[in-house]
Amino acid sequence: MDPYEVLGVGRDADEETIKKAYRELVKKYHPDKYVNNPLADLAAEKIKEINKAYDMIMNNNQTSGGSSSSGYSGQSSSGNYSGGAASFAAVRAFISQGRMNEALSMLNSLPRTAEWYYLSGRVRMQMGWYDQALSFFQTAVNMEPNNVEYLDALQNLQARRRGYSTSTQGGGMCLPCDPCTMCLCAQCLTPWCDPC
């Protein structure tokens, strides 16, 4: 695999060009865009390939005296996924594979950058912990307000929550109330209140 070809950049591309290409591809093939889509498996494989290519280029830059950053958040990571070392790309791969406990464990060994908060939010969202996911997404956006991937995640979760709230007001199974909008009913995934 030629990582430069996968990202669609030339071998002489600077770090910012590589990061921009990486972000655009992640946005294009993001698993959240392919939920309940027959192309979901292909998109997940493409994300793995994109993450691997990005890690290969960034790790090569580190060892050849280039920039020391890895991951498009601009923070240094510990290595690449294929070597078993912790990296944001490896966390993304675990998330794509549905291995949330491993993703959480690896996140604990990485620096708390905007990407860390974003990925922590993704893991918690996959585990059904929407209130925590919302908080993590908001922190990621606060740290990097122009990052489209982080903004999309935050806005999508906020829109889903608004949809849940309005869909239950017409006589749904759960009864929403304003102070409890951070809780979610496990049966119908709508905001609910615990009368206790």
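Everything in this summary refers to the structure shown in the same document. Every value quoted in this text rests on a predicted model; they were computed, and no experiment measured them.

What follows covers the overall build of the protein. When you go through the protein residue by residue, the secondary structure sums to eight helices and zero strands. Secondary structure of the protein in N-to-C order comes out as α-α-α-α-α-α-α-α. Sorting the 196 residues of the protein into buried and exposed places 44% on the buried side. Long-range pairs, those at least 24 residues apart, make up 44% of the contacts in the protein with a sequence separation of at least 6. Counting only carbon and sulfur atoms, one obtains 50% of the accessible surface of the protein, whose full area is about 10,200 Å².

This paragraph deals with the packing of aromatic side chains. If you walk through the whole model with that rule in mind, you get six aromatic pairs. An angle of 20° between the planes, with centres 4.0 Å apart, marks the rings of Tyr-22 and Tyr-54 as stacked. With a gap of 32 residues between them, Tyr-22 in helix H2 (residues 15–29) and Tyr-54 in helix H3 (residues 40–63) connect regions that are remote in the sequence. The pair formed by Tyr-22 and Tyr-54 is uniform in burial state, with each residue classed as buried. Put simply, the rings of Trp-116, Tyr-117 and Phe-136 pair up and form one aromatic cluster.

This part takes up the side chain of Ser-120. Of note, Ser-120 is situated in helix H6 (residues 114–126). Excluding residues within four positions of it along the chain, Ser-120 makes contact with Leu-107 and Phe-136.

Turning to the environment of Gln-126, a few remarks are in order. Along the chain, Gln-126 turns up in helix H6. For the pair Gln-126 and Ile-95, spaced 31 residues apart in sequence, the C-alpha separation works out to 8.3 Å. The residues touching Gln-126, leaving out its near neighbours within four places in the chain, are Asp-32, Ile-95 and Met-100.

The subject of this paragraph is the packing of helix H4 (residues 88–96) against H6. The geometry of a pair of packed helices is captured by two quantities: the angle between their axes and the separation between those axes. Running from N to C, H4 and H6 point in directions that differ by 15°, and their axes come no closer than 11 Å. One finds that H4 runs roughly parallel with respect to H6. Where H4 crosses over H6, the handedness of that crossing is left-handed. Between H4 and H6, the contacting residues are Phe-88, Val-91, Arg-92 and Ile-95 on the first element and Glu-115, Trp-116, Tyr-118, Leu-119, Arg-122, Val-123 and Gln-126 on the second. Among the residues making up the contact of H4 with H6, the classes are represented as seven nonpolar, one polar and three charged.

A few words on the packing of helix H5 (residues 100–107) against H6. Between H5 and H6, whose axes approach to 10 Å, the crossing angle comes to 155°. As summarised for this structure, H5 and H6 are arranged roughly antiparallel, according to the angle between their axes. Like other packed secondary-structure pairs, H5 and H6 cross with a definite hand, here left-handed. Of H6, the residues touching H5 (which contributes Met-100, Ala-103, Leu-104 and Leu-107) are Trp-116, Leu-119, Ser-120, Val-123, Arg-124 and Gln-126. In the contact of H5 with H6, the residues fall into seven nonpolar, two polar and one charged.

What counts, and where the lines are drawn
Residues numbered from 1 in each chain as written. Predicted model: local features only at pLDDT ≥ 70, side-chain atom pairs only at ≥ 80, totals over all residues. Heavy atoms only, no water. Helix = DSSP H or I, 4+ residues; strand = E, 2+ residues; numbered from the N terminus. Buried < 20%, exposed > 50% of the residue type's maximum accessible area, 1.4 Å probe, protein only. Contact = heavy atoms within 4.5 Å. Areas by Shrake-Rupley, 256 points an atom, 1.4 Å probe, with all protein chains shown as cover. Phe/Tyr/Trp six-rings, centres within 6.5 Å; stacked < 30°, edge-to-face > 60°. Axes fitted to C-alpha atoms, helices over the stretch in contact; angles between N-to-C directions. Parallel < 35°, antiparallel > 145°, perpendicular 65-115°, else oblique. Left-handed = near helix turned anticlockwise from the far one by under 90°. Nonpolar A, V, L, I, M, F, W, Y, C, P; charged D, E, K, R; others polar.

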